[in-house]
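Breakdown of the fold
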Amino acid sequence: MIQRIELLQELQKSYAEKYNLSIIMTDDNGKIILDRVGNNPLFNWFYDNKREVLQEEFNRAKEKKVNTAPYLYDIWPGAYMIVAPFHGENGHIYLIWAGIVIVEGTEQLVNEQLQESVNINFIEMINNTPVITHEPNQPLMKRIKRLAHLATIYFKDHDKSDIYEIQKGLFRKVLEERSQLNTILEESLQNNLEFDFFGIAKKHSDDHYKVTEVFGHGVKSMRGMTFSHGEGLIGRPLITDKYEYWENVEKDPRSVSLSRYGLKPKSFFCYPLKRYQDSSTLLFGGSHSNSKMSTRCRELGKILGSILETGFLIEDLQKENQQQINRLTSMVEISKLMVSTHDFKRIVYILVDISLNLMEGPFTCVVLKEQHNDSVNLVSRGNPNGNLREYAKNVAERHFLNPVNTQQFEIITPKFEETPWGERTLECPLWNRGRIVGVLCVAINEQQAKLQEHVNFLQTLSVIGGVSLQIVEQEEEELDDKLVYSLFRAIKQFDQDVYSILEEAAKIAKEFAEMQGLPVPVINEITHSCLLSYYSSAFIQETLPETRLRTVIDEGNTLLNVNKGDSWESASISAQVFALAMAYVKDQSINKLEKVYDGRLIKDFKSFLYETQVLEEKVSIAETSVSIQEQVLDTVTSTIQELKLSPREQEVLDLVIQGYNNKEIAQQLYISGHTVKNHVTKIFQKLEVPDRAHAISKVYRLKHQSG
Amino acid sequence: MVQKELLPLQMECTMLFQSNPYMIETIEGIAEKLDRTKEELLPVLSQLVIQGILQNLGDINSPRYRYKEPSVITQVDGDLKKA
């Protein structure tokens with residue numbers, strides 16, 4: 001039904017009046033769409049009195065369609081209607097009927113014929129009827145052609161705005177949550193009469209697509225049809241990846257693939273819908289009756305395609321979002337489990353299993369570093385194609401031998417590496433506060449589409465894993481600490497002397513180890529070894545199997561009894577410090593050891609003992625004569641003021657003489673340790689002395705000289 | 001390859017067996033524990049058996065699943081070299 005009729009009626013009226021015609025418009029089935037307008041007497045008489053005669057002609061006219069050029073349609077010999085088809089809305093063809101016109105010189109003949117059939121004299125009417133000739137390019141034909149052209153333009157403009165309206169409506173539908181694909185396609189079929197069917201094909205296997213849904217009539221047999229890339233018309237757009245449209249399909253040999261499934265369209269289109277993450281879908285549609293679709297309809301097919309693309313995108317993204325939420329929920333559950341477990345082994349198993357779940361590669365493993373030594377352990381799952389021990393060694397060399405700076409956060413970023421046999425892996429350090437516990441290594445499944453997403457998941461997993469492992473490690477250490485001190489206190493119950501000796505040894509060993517700048521775990525290991533050295537190594541092994549205490553004690557005791565320095569060179573630092581402290585508390589001297597080995601550590605230990613003794617002497621002086629010291633210090637202060645030092649340097653020197661160390665001076669003067677060190681160095685330079693002892697000695701010498 | 005949607009269920013299944021390493025369970029038992037259907041679980045369990053995380057102690061018709069611990073190597077041999 002023509003919706004926008006007013007302007008067309010105006011055109012109809014103007015043309016009818018101007019050319020003395022009566023004009024009606026019908027659809028291509030002869031149904032009158034715009035009623036008669038005009039004063040053509042012959043036409044009007046028949047229209048009013050013998051409508052069925054004219055209607056029969058209108059109905060018959062459809063057999064002559066579908067030309068776009070106007071033509072003369074003879075009603076009786078010599079009497080004609082001018083018929084001009086034009087494209088209306090929805091791609092429909094409409095016909096303008098303008099008449100009646102008579103061929104010049106046939107007026108009498110027409111009158112006679114009419115009189116015979118209806119027994120009325122029409123001559124007066126015929127004389128007022130427009131006349132045409134048989135010459136081509138009839139002016140009247142041109143006028144009616146113009147009218148058809150104007151009507152087409154009129155509908156074209158409306159079609160455009162119509163398309164926008166349809167587009168808007170479809171978008172709205174797609175955005176509505178409940179709107180489904182079939183609703184959109186079914187409604188499109190109802191609203192656009194040129195389309196007879198639509199269908200959707202989805203990827204079925206690597207090379208094949210399958211028609212999953214069909215809409216409209218004459219297309220049901222297509223459901224389930226499979227086809228490959230490039231097969232017939234329907235498979236072609238999968239290669240070109242573009243919208244394609246075909247006319248006169250019944251003559252195209254490529255339509256055999258469709259006709260095999262009972263589909264014989266006259267026009268056909270396909271639109272490959274690009275889906276999120278490359279899972280292609282194909283929209284197709286067409287007409288069983290029209291060999292050629294109107295431009296508008298073809299545009300509508302494209303719009304429908306892009307709107308469905310948008311709809312699928314929304315659907316895919318919603319699905320993706322839900323998957324992300326599910327994955328995050330899993331991550332939360334896994335994290336909760338990791339931070340709540342007190343079992344080191346279990347955390348490692350979680351890391352190995354979950355990363356294998358995720359990446360589905362040939363193997364995953366965790367390369368673990370023992371806390372107090374360079375030993376490397378390996379927990380793995382899967383079937384690598386090569387030697388996993390060799391790979392674990394490479395991982396350890398890459399990650400454990402280069403000390404980690406706490407500021408270098410990029411170190412904890414997962415890195416892609418390769419196994420010696422060429423498999424690509426992702427290595428995620430298990431790291432926390434500057435210390436690396438191990439590395440989670442996941443072999444990559446190259447077919448994984450979402451690698452980056454998995455990398456992010458694994459990174460989070462390894463960060464939480466790293467922290468959890470360290471917490472468990474600390475818990476285990478705390479347990480060991482308690483046990484060590486309980487065993488040590490037990491010694492006091494049956495041998496007070498040994499208890500005191502071991503306590504002193506542990507104290508000296510701890511202070512010396514701290515001075516050496518050894519890491520806290522090593523210091524604890526040495527101290528614990530000293531405290532428990534009374535027990536047999538078998539007992540320690542049985543009681544504290546997870547620690548290295550037995551090794552340190554055995555190795556240290558060996559060092560106390562060797563005659564050559566070679567053993568010292570190769571012994572661990574823990575065993576060396578243990579041996580030095582134990583030797584000193586037993587003999588109050590390390591002369592015996594010095595004869596065997598004269599390495600740097602022994603020299604440092606001697607200096608350490610010397611400094612400790614000096615400090616003790618100072619303490620004794622301070623305790624015995626406070627008044628004398630104050631008197632002396634007063635005098636020294638005046639001597640300091642005479643030196644060519646800055647006021648700050650004088651203050652520092654004063655405190656140096658009072659026996660404060662740099663840290664204590666810093667606390668006294670509210671300055672940094674570094675600044676104190678600078679001041680002390682400058683003081684030494686100005687006094688031309690190498691160290692504190694000489695500086696103090698020089699100040700006292702100057703005092704005596706001035707006195 | 002297990003579909004992406006099944007990954008959370010696969011992880012859930014892994015965690016169930018890991019938390020109960022001595023549990024031997026049928027599909028029905030697992031379905032009840034996780035409040036899922038047998039159909040949902042079947043592809044996931046098959047994948048876990050392929051990955052070596054679970055072992056099937058029964059047969060194809062009446063499978064019974066159990067957790068399989070990863071392999072552990074202590075003290076990887078050889079001296080490490082600085083990179």
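Residues numbered from 1 in each chain as written. Chains lettered and ligands numbered in written order. Predicted model: local features only at pLDDT ≥ 70, side-chain atom pairs only at ≥ 80, totals over all residues.

The name an unreviewed UniProt entry assigns to chain B is MarR family transcriptional regulator, from the organism Oceanobacillus halophilus.

Looking up chain A in an unreviewed UniProt entry gives the name HTH luxR-type domain-containing protein, with the organism given as Oceanobacillus halophilus.

1. With respect to the overall build of chain B
Across its full length, chain B carries three helices and four strands. Ordering the α and β elements of chain B from the N terminus gives α-β-α-α-β-β-β. Counting every position in chain B, which comprises 83 residues, the buried fraction comes to 25%. If you take every contact in chain B between residues at least 6 apart in sequence, the share linking residues at least 24 apart comes to 47%. (Helix = DSSP H or I, 4+ residues; strand = E, 2+ residues; numbered from the N terminus. Buried ≥ 20, exposed ≤ 12 C-beta atoms within 10 Å, placed from the backbone. Contact = placed C-beta atoms within 7 Å.)

2. Examining the overall build of chain A
For chain A, the count of helices and strands is 27 helices and 17 strands. Within the span of chain A, comprising 707 residues, buried residues form 34% of the whole. In chain A, once contacts between residues fewer than 6 apart in sequence are set aside, the share between residues at least 24 apart is 55%.

3. Details of the sheet that holds strand β13 (residues 363–369) of chain A
Reading across from one edge, β15(A)-β16(A)-β17(A)-β13(A)-β14(A)-β4(B) is the order of the six strands in this open sheet, with antiparallel pairing throughout. Edge strands, defined here as strands with exactly one partner in the open sheet, are β15 (415–418) of chain A together with β4 (71–73) of chain B. Neighbour-to-neighbour, the strand axes of the sheet open up by a mean angle of 25 degrees, direction not taken into account. With four bridges joining them, β15(A) and strand β16 (residues 424–432) of chain A adopt antiparallel strand pairing. In the strand pairing of β16(A), A:Phe416 is matched with A:Leu426. (Pairing = 2+ DSSP bridges. Axes fitted to C-alpha atoms, helices over the stretch in contact; angles between N-to-C directions.)

4. Some points on the interface of chain B and chain A
Taken together, the 27 residues of chain B in the interface contact 34 residues of chain A. Sorting the residues of the side of chain B that touches chain A by element identifies α1 (7–19) and β4 of chain B as the ones contributing at least two each. Tallied by class, residues from the side of chain B that touches chain A come to 12 nonpolar, nine polar and six charged. Inspection of the sheet shows strand β14 (residues 376–382) of chain A paired to β4(B) by three bridges, in the antiparallel sense. Within the sheet, the bridge partner assigned to A:Val379 lies in β4(B) and is B:Val72. (Nonpolar A, V, L, I, M, F, W, Y, C, P; charged D, E, K, R; others polar.)

5. Topic: the confidence of the model for chain A
Residue and element names in this part refer to chain A. Within chain A, residue pLDDT values average 81, and 87% of them lie at 70 or more. The lowest-confidence element of chain A is helix α23 (residues 626–642), averaging 56 in pLDDT; the highest-confidence one is β13, averaging 92. Between residues 615–634, whose pLDDT stays under 50, and residues either more than four places distant or in other chains, the model counts three contacts. (pLDDT = per-residue confidence, 0-100.)

6. Overview of the nonpolar core
Membership of the largest hydrophobic core comes to 56 residues, with the highest contact counts inside it found for A:Leu351, A:Cys365, A:Val366, A:Val367, A:Ala392 and A:Leu440. A per-element tally of this core places helix α12 (residues 344–359) of chain A first, with 10 residues. Non-local contacts of A:Ala392, meaning those with residues more than four positions away in its chain, are made with A:Cys365, A:Val367, A:Val376, A:Leu378 and B:Val76. (Core = buried A, V, L, I, M, F, W, Y, C linked by C-beta atoms within 7 Å.)

7. Re the confidence of the model for chain B
Residue and element names in this part refer to chain B. Per-chain confidence: chain B averages 85 in pLDDT, with 87% of residues scoring 70 or above. The secondary structure element of chain B with the lowest average pLDDT is β4, at 85, and the one with the highest is strand β3 (residues 64–67), at 94. In the predicted assembly, ipTM is 0.89 and pTM is 0.52.

8. What to know about the sheet that holds β3(B)
Residue and element names in this part refer to chain B. Spatially, β1-β3-β2 is the arrangement adopted by the three strands of the open sheet, whose pairing is antiparallel. Where the open sheet ends on each side, the last strands, each with one partner, are β1 (24–26) and β2 (54–56). Ignoring strand direction, the axes of neighbouring strands in this sheet form an average angle of 35 degrees. The pairing of β2 with β3 spans three bridges and is classified as antiparallel. Bridged to Leu54 within β3 is Tyr67. Packing of helix α3 (residues 38–50) onto the sheet brings it into contact with β2 and β3, and relative to β2 it is tilted by some 100 degrees.

9. Focus on the environment of A:Ser228
All names here are of chain A. Relative to the helices and strands, Ser228 is located in strand β9 (residues 226–228). The sequence separation of Ser228 and Tyr209 amounts to 19 residues, and the corresponding C-alpha distance is 6.1 Å. Residues within four places of Ser228 in sequence aside, it is in contact with Asp207, His208 and Gly235.

10. A word on the pairing of strand β12 (residues 281–287) of chain A
Residue and element names in this part refer to chain A. In terms of burial, β12 is a largely internal element, six of the seven residues being buried. Pairing geometry for strand β7 (residues 197–203) and β12, over six bridges, is antiparallel. Along β12, the bridge assignment pairs Ile200 with Leu283. The pairing of strand β11 (residues 267–273) with β12 spans seven bridges and is antiparallel. The residue of β12 that forms the bridge with Cys270 is Phe284.

11. Considerations on helix α15 (residues 496–515) of chain A
For α15(A), which comprises 20 residues, the first-to-last C-alpha distance of 29 Å matches the rise-based estimate of 28 Å (1.5 Å per residue) to within 8%. Positive phi appears at A:Gly517, one or two residues downstream of α15(A), with a value of about 75 degrees. (Expected span 1.5 Å × (residues − 1).)

12. Re the packing of α15(A) against helix α20 (residues 573–587) of chain A
All names here are of chain A. Across the interface, α15 lies against α20 with an axial gap of 9 Å and an inter-helix angle of 135 degrees. Judged by the angle between their axes, α15 and α20 are oblique. Of the two possible hands of crossing, α15 and α20 adopt the one that is right-handed. For the pair α15 and α20, the contacting residues are Ile501, Glu504, Ala505, Ile508, Ala509, Phe512 and Ala513 in the first and Val577, Phe578, Ala581, Met582, Tyr584 and Val585 in the second. (Parallel < 35°, antiparallel > 145°, perpendicular 65-115°, else oblique. Left-handed = near helix turned anticlockwise from the far one by under 90°.)

13. What about unusual backbone geometry?
Residue and element names in this part refer to chain A. In this structure, the amide linkage connecting Gly99 to the following residue, Ile100, adopts the cis form with an omega of 0 degrees. Mapped onto the secondary structure, Ile100 falls in strand β5 (residues 93–103). Its identity is not glycine, yet Asn248 carries a phi of approximately 45 degrees, on the positive side. Assignment of secondary structure puts Asn248 in the loop between β10 (244–246) and α10 (256–259).

14. Let's talk about the pairing of β11(A)
Residue and element names in this part refer to chain A. Counting buried positions along β11 yields seven of seven residues, so the element is predominantly enclosed. Note: β10 against β11, three bridges, orientation antiparallel. Following the sheet pairing, Tyr245 is matched in β11 by Phe269.

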